[in-house]
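Read off the chains here:
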Amino acid sequence: MERPSWAPVILSGALPRELSDLLAIAILSLASFESVFAQLQPLSQSGWFATLLVMVPLTCGLAALSNSSSTQREELALFAYGGAGWQIQLRYVVRGFLVAVIGLLPLWFRFIATENVLSLNLVLFLVSASIGGLSYAAPALKRTRSLAFVEQYKG
Amino acid sequence: MKPLVEFRNITVAYPIADGVLRLYGEGVSFALEEGGFLSVVGGSGWGKSTLVNIVLGLEKPTRGTVQLDGENMTEQSFVKRSARVKTAAVFQRPTALPQLTVLQNLHLALSMMGVPKRERDERIKESMSFFGLEKLSHSYPDLLSAGQKRRIDLARALAAKPRFLVLDEPTGDLDSSVTNLVMPLLRGLNKDHGMTILMTTALARHASTAKHQIHLRPPTFHTEKPIAR
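Residues numbered from 1 in each chain as written. Chains lettered and ligands numbered in written order. Predicted model: local features only at pLDDT ≥ 70, side-chain atom pairs only at ≥ 80, totals over all residues.

Re the packing of helix 4 (residues 68-80) of chain A against helix 7 (residues 120-144) of chain A
Residue and element names in this part refer to chain A. Packing of helix 4 against helix 7 brings their axes to within 11 Å, and their N-to-C directions diverge by 60°. When the interaxial angle is binned, helix 4 and helix 7 end up oblique. Crossing handedness for the pair helix 4 and helix 7: right-handed. Contact residues: Ser 68, Thr 71, Gln 72 and Glu 75 in helix 4; Pro 139, Ala 140, Arg 143 and Thr 144 in helix 7. Here the contact of helix 4 with helix 7 is composed, by residue class, of two nonpolar, four polar and two charged. (Axes fitted to C-alpha atoms, helices over the stretch in contact; angles between N-to-C directions. Helix = DSSP H or I, 4+ residues; strand = E, 2+ residues; numbered from the N terminus. Parallel < 35°, antiparallel > 145°, perpendicular 65-115°, else oblique. Left-handed = near helix turned anticlockwise from the far one by under 90°. Contact = placed C-beta atoms within 7 Å. Nonpolar A, V, L, I, M, F, W, Y, C, P; charged D, E, K, R; others polar.)

Now the structure itself:
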């Protein structure tokens, strides 16, 4: 009995691999290093979280936008192979989440080194990364729902 | 006998300017029975690909309904339609993932459908061999010609062994030697395996492969309000 499987759709594109993904990771890493090493004062929780809430979605959204021409071809193929819209979005959410988590690792190491691992900071860190994932998926959601998208199947 | 696919009064309107609509297939109706083979014939820009997108649930008609296996599926997506009637589609534009090899593309498509690994290998081997893709199995689609990419799509669709096969101008980029293989293959799939096939074409000689044909009319234009002077 053949049952459609969602795992291949998501796993086929969940890892960051585009140049723009690497650039986004580099930008977030630089910002994280800056906030870890450059502050003379102890890190303010509301301060870094507010910064991340602005920086992470913008960086992840821009990374997703700048590889949209190649990813559109992937999306067309995945729909043609029988993939569902939510599966295709989920792969971007996972990819954006990973971009944010990897980029923010310096900040995470700072928390581990100085605080209890299971702190509010961890929750805020994961919230930031999740927002990064959603922001990464947003351009694809807009793209795949437009009429212009299905027009691409026509010659 | 209950039709597998039924179009009832389908019309699609595209706004092309302020207050001006282009209408495709004004009130197209047809019924395709299980095991049927239908050719949709029409010129370029007459709405053949739009009709394919509507059959698959990629576009919604402005008016009319689409029934699949007796159920109104007009508002349902391709995935939901395919869950009811297992469907494979070959589009006019090649759709292979550029970063995967030909073999990996076929494996991904079949694994998404849930075909077990061992069966997948057999089906892919058979399908690739039929379309002469064995030597290209480790090539990337972007390095191949349009005709070769079309063969990948055909191999993928046939390896899926669907109940309903939808093809949008399947011989568009193929040379005559491969076209001469594809048309008898489609006839065989329909006749020997009972596969239901809907195919669009601009060529009457290809349309005659099918048991039935419908001919589209050119789109018409409709103004919603008087044109300002």
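Overview of the sheet that holds strand 7 (residues 164-168) of chain B
Residues and elements named next belong to chain B. The five strands lie next to each other as 6-7-8-3-9, forming an open sheet whose pairing is parallel. Of all strands in the sheet, those with a lone pairing partner are strand 6 (87-90) and strand 9 (212-215), marking the two edges. On average, each strand axis in the sheet is inclined to that of its neighbour by 15°, with strand direction left out of account. (Pairing = 2+ DSSP bridges.)

So, helix 5 (residues 146-159) of chain B
Residues and elements named next belong to chain B. Here helix 5 contains 14 residues, and its C-alpha end-to-end distance of 20 Å stays within 8% of the 20 Å for a straight helix at 1.5 Å per residue. Within helix 5, the full set of buried residues consists of Gln 148, Arg 150, Arg 151, Ile 152, Asp 153, Leu 154, Ala 155, Arg 156, Ala 157, Leu 158 and Ala 159. Lining the buried residues of helix 5 we find strand 6, helix 3 (102-112), helix 4 (117-130), strand 7 and helix 6 (176-193). Residue Lys 161 follows helix 5 closely and has a positive phi angle near 45°. (Expected span 1.5 Å × (residues − 1). Buried ≥ 20, exposed ≤ 12 C-beta atoms within 10 Å, placed from the backbone.)

Concerning the sheet that holds strand 1 (residues 3-17) of chain B
Residue and element names in this part refer to chain B. A sheet is described by the order of its strands in space; here five strands give the open sequence 5-4-1-2-10, paired in antiparallel fashion. At either end of the open sheet lies a strand with only one pairing partner, and these are strand 5 (71-72) and strand 10 (220-223). Examined bridge by bridge, strand 1 and strand 4 (residues 63-68) share five bridges and lie antiparallel to one another. The residue of strand 4 that forms the bridge with Phe 7 is Val 66. This element, helix 1 (residues 48-56), spans strand 1, strand 2 (20-33) and strand 4 of the sheet and lies at about 125° to strand 1.

Focus on the interface of chain B and chain A
The interface of chain B with chain A comprises 25 residues on the first partner and 23 residues on the second. Listing elements by their share of the side of chain B that touches chain A, those giving two or more residues are helix 1, helix 2 (78-84) and helix 3 of chain B. Among the elements that make up the side of chain B that touches chain A, the one with the highest residue count is helix 3 of chain B (four residues). Each residue belonging to the side of chain B that touches chain A can be placed in one class, and the counts come to 13 nonpolar, nine polar and three charged.

Describing the packing of helix 2 (residues 19-37) of chain A against helix 5 (residues 85-103) of chain A
Residues and elements named next belong to chain A. For the pair helix 2 and helix 5, the least separation of the axes is 7 Å and the interaxial angle reads 35°. For the crossing formed where helix 2 meets helix 5, the hand is right-handed. In this structure, helix 2 contributes Asp 21, Ala 24, Ile 25, Leu 28, Ser 29 and Ser 32 to the contact, and helix 5 contributes Val 99, Ala 100, Ile 102 and Gly 103. Residues of the contact of helix 2 with helix 5, tallied by class, amount to six nonpolar, three polar and one charged.

So, the confidence of the model for chain B
Fine structural detail should not be taken from predicted coordinates in areas where pLDDT scores are low. The predicted model of chain B has a mean per-residue pLDDT of 89, with 97% of residues at 70 or higher. For this predicted complex, the interface score ipTM comes out at 0.79, while the overall pTM is 0.83. (pLDDT = per-residue confidence, 0-100.)

Details of the environment of Val101(A)
Position of Val101(A) relative to the elements: it lies in helix 5. Spatially, the C-alpha atom of Val101(A) lies 13 Å from that of Asn121(A), the residues being 20 residues apart in sequence.

Here's the deal with the pairing of strand 7 of chain B
All names here are of chain B. Among the five residues that make up strand 7, five are buried, leaving the element largely enclosed by the rest of the structure. Inspection of the sheet shows strand 6 paired to strand 7 by four bridges, in the parallel sense. Its bridge partner lying in strand 7, Val 90 is registered against Leu 167. Both strand 7 and strand 8 (residues 196-201) contribute to a ladder of five bridges, which runs parallel. Bridge pairing in strand 8 places Phe 164 opposite Thr 196. Viewed along the sheet, the connection from strand 7 through helix 6 into strand 8 turns out right-handed. (Right-handed = clockwise from strand over helix to strand, strands pointing away.)

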